[in-house]
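As a plain string of letters, each chain reads:
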Amino acid sequence: MIRIAVANQKGGVGKTTTAINLATALAATGWRTLIIDLDPQGNASTGLGISQSQRELSSYDLLRGDAGVAECRVATAIPRLDIVPATVDLSGAEIELIEFQDRLHRLQQVLAAAEAGQWDICLIDCPPSLGMLTLNALIAAESLLVPLQCEFFALEGLSQLLTTVERVRGRFNPQLFILGVALTMFDRRNRLTDQVSDDVREVLGPVVFDTVIPRNVRLSEAPSHGLPALIYDHRCAGSAAYIALARELLGRLPNVRKAA
Ligand code: ADP
Ligand code: MG
């Protein structure tokens, strides 16, 4: 199972929107896809229409070791797309697990133990911090996808994320690589976002995906309907961009194994 962490310690940069819509695009092209909602706010779960009553088992139970992935996963309305939902309980995990020596490896362990062959790819939607939850994701993942909002301070804070990635590589997960940086909320009419996108490409180089996600109201409306934008309005510019991003992402995966 390919494992990708969607991370950036800044909030509101498009992590969850990216995780939901990429996952939907991958599922639509035949990949058996799993999202792990690792944000106590549970936006990915809500955005995929998972009610509170469907969250009896969640990523919190997964990290505590009380249940496995197969028990915690909930099927979404989208064929081939499952999610391990999140609840607010997760916000206590950081403190509750502090006494456990293996607390940073909990997600890695449960993913390794997940029934082989059940999913082809897993996207981990991280919370807006570099704490224990995101570290669990970076240690469990093979690669990292960084959504970066096209705004003036886009690059600020990125060095902190990159330093964390270096530390994780050095101490826990030497294989971890940055699959790509996705520019989000791009506004063609705004000269500033144009400038930011140019600057980011100049600084970061080819790790930045060619595909840019536009600012698109359909992307922000879709979650309130409990649907990915790709289902809510598959023809909107935002959906088209995420389909293109999924294609570009697959092209970057080493040894891509197309789902049956
Ligand atoms: P994060 O998970 O990084 O906190 P979200 O994906 O939840 O970020 O996005 C933050 C807010 O911006 C949400 O309300 C979301 O609907 C909205 N949003 C995200 N991407 C776009 C976009 N490309 N265009 C318009 N709104 C967006
Ligand atoms: Mg989020």
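Remember, it's a predicted structure, so these values are computed and weren't measured experimentally. (Residues numbered from 1 in each chain as written. Chains lettered and ligands numbered in written order. Predicted model: local features only at pLDDT ≥ 70, side-chain atom pairs only at ≥ 80, totals over all residues. Heavy atoms only, no water.)

A separate point is the overall build of the protein chain. For the protein chain, the count of helices and strands is twelve helices and eight strands. In terms of C-alpha radius of gyration, the protein chain reaches 17 Å, essentially the compact-globule figure of 18 Å for 260 residues. In terms of overall dimensions, the protein chain has C-alpha extents of about 50 × 40 × 35 Å along its principal axes. A total of 260 residues make up the protein chain; the buried ones form 53% of that total. Nonlocal contacts in the protein chain, meaning residues at least 24 apart in sequence, comprise 79% of its contacts between residues at least 6 apart. (Helix = DSSP H or I, 4+ residues; strand = E, 2+ residues; numbered from the N terminus. Rg over C-alpha atoms; globule rule 2.2 N^0.38 Å. Buried < 20%, exposed > 50% of the residue type's maximum accessible area, 1.4 Å probe, protein only. Contact = heavy atoms within 4.5 Å.)

Right, let's get into the site of ligand 1. In the neighbourhood of ligand 1, 14 residues make up the surrounding shell, with Gly12, Lys15, Thr16, Thr17 and Pro214 lying closest. Contact distances for ligand 1 include 3.0 Å between an oxygen atom and a backbone N or O atom of Gly14. Measuring from a nitrogen atom of ligand 1, one finds a backbone N or O atom of Pro214 at 2.8 Å. When contributions to the shell around ligand 1 are tallied by element, the ones reaching two or more residues are α1 (15–28), β8 (208–214) and α10 (217–221). Broken down by element, the residue count for the shell around ligand 1 peaks at three residues, all from α1. Residues of the shell around ligand 1, tallied by class, amount to five nonpolar, seven polar and two charged. (Near = heavy atom within 4 Å. Polar contact = N/O pair within 3.5 Å; in protein donor to acceptor, adjacent residues only side chain to side chain. Nonpolar A, V, L, I, M, F, W, Y, C, P; charged D, E, K, R; others polar.)

Our next topic: a negative patch on the surface. A surface patch of like charges, here negative, comprises Asp194, Asp198, Asp199 and Glu202. Mapped onto the fold, Glu202 is located in helix α9 (residues 191–204). (Patch = residues over 30% accessible without salt bridge, like charges linked within 9 Å, V, L, I, M, F, W, Y side chains within 5 Å. Areas by Shrake-Rupley, 256 points an atom, 1.4 Å probe, with all protein chains shown as cover. Salt bridge = Lys/Arg side-chain N within 4 Å of Asp/Glu carboxyl O. Lys, Arg positive; Asp, Glu negative; His and termini not counted. Charge placed at Lys NZ, Arg CZ, Asp CG, Glu CD.)

Another point: the pattern of salt bridges. With the rule as written, the count across this model stands at twelve salt bridges. For Arg189, the salt bridge identified is with Asp187, shortest N-O distance 3.4 Å. The salt bridge involving Arg252 is made with Glu248; its shortest N-O contact spans 3.8 Å. In this pair, Arg252 and Glu248 are both assigned in helix α12 (residues 237–252), four residues apart and thus about one turn of the helix distant. Within the structure, one salt-bridge network assembled from shared partners comprises Arg64, Asp66 and Glu96.

Direction vectors running N to C along helix α6 (residues 106–113) and helix α7 (residues 132–140) enclose 45 degrees, while the axes themselves pass 7 Å from each other. It follows that α6 is oblique to α7 by the angle criterion. The two elements α6 and α7 cross, and the hand of that crossing is right-handed. Contact with α6, carried on its side by Arg106, Leu107, Gln108 and Leu111, involves Asn136, Ala137, Ile139 and Ala140 of α7 and no other residues of that element. When grouped by side-chain class, the residues that make up the contact of α6 with α7 number five nonpolar, two polar and one charged. (Axes fitted to C-alpha atoms, helices over the stretch in contact; angles between N-to-C directions. Parallel < 35°, antiparallel > 145°, perpendicular 65-115°, else oblique. Left-handed = near helix turned anticlockwise from the far one by under 90°.)

Ranked by internal contacts, the top residues of the largest apolar core, which has 49 residues, are Ile36, Val69, Leu107 and Ile124. A per-element tally of this core places α7 first, with seven residues. Dropping the residues within four chain positions of it, Leu107 is found in contact with Ile36, Leu38, Leu62, Leu63, Ile124, Asn136, Ala137 and Ala140. (Core = buried A, V, L, I, M, F, W, Y, C linked by side-chain atoms within 4.5 Å.)

What follows deals with the sheet that holds β8. With mixed pairing, the eight strands of this open sheet are ordered in space as β3-β4-β2-β5-β1-β6-β7-β8. Both outer strands of the open sheet, β3 (74–75) and β8, are each paired with one neighbouring strand and no more. Sheet analysis places strand β2 (residues 33–37) next to strand β5 (residues 121–125), joined by five bridges and oriented parallel. Looking at the pairing, Ile35 lines up with Leu123 of β5. Here α9 sits on the sheet and contacts β6 (143–149), β7 (177–186) and β8; the angle it forms with β7, its principal contact strand, is near 170 degrees. (Pairing = 2+ DSSP bridges.)

Turning our attention to the pairing of β8. Here β7 runs beside β8; their pairing, made up of three bridges, is parallel. Across the sheet, the residue bridging to Phe186 is Pro214, located in β8.

Here, UniProt's "domain: AAA" (unreviewed entry) annotation points to residues 4–177. As annotated, residues 4–177 comprises 37% helix and 16% strand, and the C-alpha atoms at either end are separated by 10 Å. (UniProt positions renumbered as here; feature names shortened; annotations may be inferred.)

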